[in-house]
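As a plain string of letters, each chain reads:
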Amino acid sequence: VRATRGGEEVRGYVPSMGQIFLRRFQMVTQFRQALEDGQVSVHYQPKVSLPGKQVVGVEALVRWQHPEFGRVDPDEFVPAVEAAGLVGVLTSFVLEMALDRVRRWLDEGLRISVAVNLSVRNLADEDFPAKVADALARFGVPAELLTFELTESGVMADPARALPILRELHGLGIVLAVDDFGTGYSSLAYLRQLPVDQVKIDKSFVLGMGTDLSDLAVVRSIVELGHSLGLTVVAEGVEEDVARDQLEAMGCDVAQGYLISRPLSEERLEAWLLARTARSRGHHAETVLTL
Ligand code: C2E
Ligand code: MG
Ligand code: MG
Ligand code: MG
């Protein structure tokens, strides 16, 4: 907020429009260099099955440690990068990091699937499926170990363009998930026509379900709808035991959220996976499944 006091500008902690614009502009112009300089990394958040709590996969979430701005959230820079037409570069980067991770797990005898978030703009690139097929082949990763998460609104923005690309990706054997489900057009009928395998209930409903009966009703109906369409239902934003227990009782298939783990650096994820397998040894054999 800007205010003037005795002709002198006083700035509060809320940045002005000009500052926001300048920051966005800098982020966009610096993005490619940031990738090269190692400022951008990928963190991974585990997903576990209900009720077994087996690790079924991880979601790749991009992180940018900017030398001047510090940690910049993807909710801020991904839209800027998208608007600048650079999202192809971002997606390739995250995809390659993720496939490289899965490849090294395979070499250790672990089959863990990875989910990569796509942007609407990826679905406007006709060559995208070929690029993905090429990356899978280069890393020697089977397509079923890769999931793409796309938002409902992303698909709905231009369905005529997005659908053939989704069909091609699905045809390769890649798992497709609708992210943030319930927040968009809530096109329940439309969901039936999409070549998708999973729905991810938006975290706003999952976070609210303990205190808000309408959120609880939304979660319950998405679980039922998803299952009636033969889809795997994933809940994101699982922060509390109570929510996990409720989801389990409803028959929700997979849980993801701070209760299970926050997104972790590659190094910390390794430690987390090790600790879990060590803990389960001697009790019941914990298998790592693919979703
Ligand atoms: P998303 O794909 O819906 O990811 C879920 C977001 O919720 C992540 O935020 C995650 O850190 C956060 N989250 C996970 N569990 C919990 C929980 O229990 N409680 C709460 N309150 N939050 C939780 P993050 O990492 O900041 O990412 C935000 C969004 O940015 C993502 O939403 C996704 O749309 C986008 N994004 C992230 N990485 C990429 C990427 O590589 N490419 C593209 N195109 N978009 C990305
Ligand atoms: Mg996601
Ligand atoms: Mg989401
Ligand atoms: Mg989101």
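Predicted model, so just to flag it, every value in this text is computed and none were measured.

Participant: Would you mind going over helix H9 (residues 213–228) with me for this structure?
Facilitator: Structurally, the α-helix is built with 3.6 residues per turn, so residues lying three or four positions apart point the same way. Between its first and last C-alpha, H9 extends 22 Å over 16 residues, near the 22 Å set by a 1.5 Å rise per residue. Those residues of H9 that sit buried are Asp215, Leu216, Val219, Ile222, Val223, Leu225 and Gly226. Looking one or two residues beyond H9, the residue adopting positive phi is Gly230, at roughly 75°.

Participant: What should I look at first to understand the site of ligand 1 in this one?
Facilitator: Close to ligand 1 lie 24 residues; Arg63, Asn117, Asp179, Glu239 and Tyr258 are nearest. In the environment of ligand 1, a nitrogen atom lies 3.2 Å from a nitrogen or oxygen atom belonging to the backbone of Val62. In this structure, a nitrogen atom belonging to ligand 1 sits 2.6 Å away from a side-chain N or O atom of Glu239. For ligand 1, the protein covers 88% of the area, taking 800 Å² as the surface of the free molecule. Listed by contribution, the elements that provide at least two residues to the shell around ligand 1 are strand S4 (55–66), helix H2 (74–83), helix H3 (87–107), strand S8 (175–181) and helix H8 (203–208). Here the shell around ligand 1 is composed, by residue class, of 11 nonpolar, five polar and eight charged.

Participant: Can you walk me through unusual backbone geometry in this structure?
Facilitator: A negative phi angle is the norm for most residues apart from glycine, just as the trans form is the norm for most peptide bonds. Following Leu50, the chain continues into Pro51 via a peptide bond in cis, with omega recorded as 0°. Its place among the elements puts Pro51 in the loop between strand S3 (40–49) and S4. With phi around 60°, Lys53 is a residue other than glycine that occupies positive phi space. With respect to the secondary-structure elements, Lys53 resides in the loop between S3 and S4. Taking the relative accessible area as the measure of exposure, Lys53 reaches 37% and is therefore partly exposed. For Asp180, which is not glycine, the phi torsion reads 50° and is therefore positive. The topology assignment puts Asp180 in strand S8.

Participant: Explanation requested: the side chain of Thr91 in the structure shown.
Facilitator: Along the polypeptide, Thr91 turns up in helix H3. Engagement of the side chain of Thr91 in a polar contact is seen with the side chain of Asn122, the distance being 2.9 Å.

Participant: What is the right way to read the pairing of strand S9 (residues 198–201) from this model?
Facilitator: A regular strand places its side chains on the two faces of the sheet in alternate fashion. Where burial is concerned, the two faces of S9 agree: the one with Gln198 and Lys200 and the one with Val199 and Ile201 are both buried. In the sheet, S8 pairs with S9 via three bridges, with the strands oriented parallel. Directly across from Phe181, in S9, lies its bridge partner Ile201. Summarising the sheet, S9 and strand S10 (residues 232–235) pair through four bridges and their orientation is parallel. Counterpart to Val199 in the pairing with S10 is Val233.

Participant: Help me understand the coordination of the magnesium ion (ligand 3), please; the structure alone is not making it clear to me.
Facilitator: For a metal bound by four donors in a tetrahedral arrangement, the ideal donor-metal-donor angle is 109.5 degrees, while six donors in an octahedral arrangement ideally sit at 90 or 180 degrees. Taken together, the protein ligands of the magnesium ion (ligand 3) are Asp179 (OD), Asp180 (OD), Glu236 (OE) and Glu236 (OE), with distances of 1.9 to 2.4 Å. Along the chain, the residues donating to the magnesium ion (ligand 3) are arranged with the sequence spacing D-D-x55-E. The metal-metal distance between the magnesium ion (ligand 3) and the magnesium ion (ligand 2) is 4.3 Å, with Asp179 serving as a donor to both. With Asp180 in strand S8 and Glu236 in the loop between S10 and helix H10 (241–250), this residue pair connects regions lying 56 residues apart in the sequence.

Participant: Teacher, can you tell me more about the side chain of Ser261 here?
Facilitator: Along the polypeptide, Ser261 turns up in the loop between strand S11 (254–255) and helix H11 (266–280). Residue contacts for Ser261: discarding those within four places in its chain leaves Gln45, Pro46 and Trp272.

Participant: Looking at this structure, I do not really get a nonpolar patch on the surface. What am I missing?
Facilitator: Taken together, Phe21, Leu22 and Phe25 make up a surface patch of nonpolar side chains, about 360 Å² in accessible area. Positionally, Leu22 belongs in helix H1 (residues 17–36).

What counts, and at which threshold
- Residues numbered from 1 in each chain as written.
- Chains lettered and ligands numbered in written order.
- Predicted model: local features only at pLDDT ≥ 70, side-chain atom pairs only at ≥ 80, totals over all residues.
- Heavy atoms only, no water.
- Helix = DSSP H or I, 4+ residues; strand = E, 2+ residues; numbered from the N terminus.
- Expected span 1.5 Å × (residues − 1).
- Buried < 20%, exposed > 50% of the residue type's maximum accessible area, 1.4 Å probe, protein only.
- Near = heavy atom within 4 Å.
- Polar contact = N/O pair within 3.5 Å; in protein donor to acceptor, adjacent residues only side chain to side chain.
- Areas by Shrake-Rupley, 256 points an atom, 1.4 Å probe, with all protein chains shown as cover.
- Nonpolar A, V, L, I, M, F, W, Y, C, P; charged D, E, K, R; others polar.
- Pairing = 2+ DSSP bridges.
- Donors = N, O, S within 2.8 Å, 3.2 Å for Na, K, Ca; no water.
- Contact = heavy atoms within 4.5 Å.
- Patch = residues over 30% accessible without salt bridge, like charges linked within 9 Å, V, L, I, M, F, W, Y side chains within 5 Å.
- Salt bridge = Lys/Arg side-chain N within 4 Å of Asp/Glu carboxyl O.

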